Amino acid sequence: MARQFQVTYDCADPGAQAEFWAAALGYRLQPPPEGFPDWTAALTAWGVPPEHHNDRSAITDPDGDGPRVFFQKVPEPKTAKNRVHLDVRAAPGLTGDERMAALEAEADRLTGLGAKRFARVEPGGLDMGHIVMTDPEGNEFCLD
């Protein structure tokens, strides 16, 4: 039996990371529980001190197909390469110059949202070409 899962990121600023990844993936911020107009109202009602309102955030696929992505605040900064990363499928079915042009266009869009370009891997062998980037907190991901 297949299990549902979520992808969890440790980060310094869960709200900002959620905003970035929602825009990058076409997701939406997880809405507050029923009966609350926003997360501030919910967290305040639950007695969460204001200084902890940004300790976590989540985004969801508006179509309900993809996994939930959860962001949790941690005290330590990122110090090494990610052992797991997302591959953002920005050019499915495309090959050659058309594929790389689509990846470049998406890299430009994400750079405008705060991502940074790390490396471009040219097509060759089994690799059809991809672009390695980092999100605003330095977590690696690939445009594939």
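Report follows, based on the coordinates. (Residues numbered from 1 in each chain as written. Predicted model: local features only at pLDDT ≥ 70, side-chain atom pairs only at ≥ 80, totals over all residues. Heavy atoms only, no water.)

Looking now at helix H3 (residues 96-112). In a regular helix each residue adds 1.5 Å, so 17 residues correspond to 24 Å; H3 covers 25 Å between its end C-alpha atoms and thus fits that length. By the burial criterion, the buried members of H3 are Arg99, Met100, Leu103, Glu104, Glu106, Ala107 and Leu110. Buried-residue contacts for H3 involve helix H1 (14-25), strand S6 (116-121), strand S7 (130-134) and strand S8 (140-143). Count one or two residues on from H3 and you reach Gly114, which has phi positive near 120 degrees. (Helix = DSSP H or I, 4+ residues; strand = E, 2+ residues; numbered from the N terminus. Expected span 1.5 Å × (residues − 1). Buried < 20%, exposed > 50% of the residue type's maximum accessible area, 1.4 Å probe, protein only. Contact = heavy atoms within 4.5 Å.)

Moving on to H1. Since there are 3.6 residues in each turn of an α-helix, residues three or four apart along the chain are aligned in direction. Here H1 spans 16 Å end to end across 12 residues, near enough to the 16 Å set by a 1.5 Å rise per residue. Buried residues of H1: Pro14, Gln17, Ala18, Phe20, Trp21, Ala22 and Ala24, and no others. Following H1 by one or two positions, Gly26 has its phi on the positive side, about 75 degrees.

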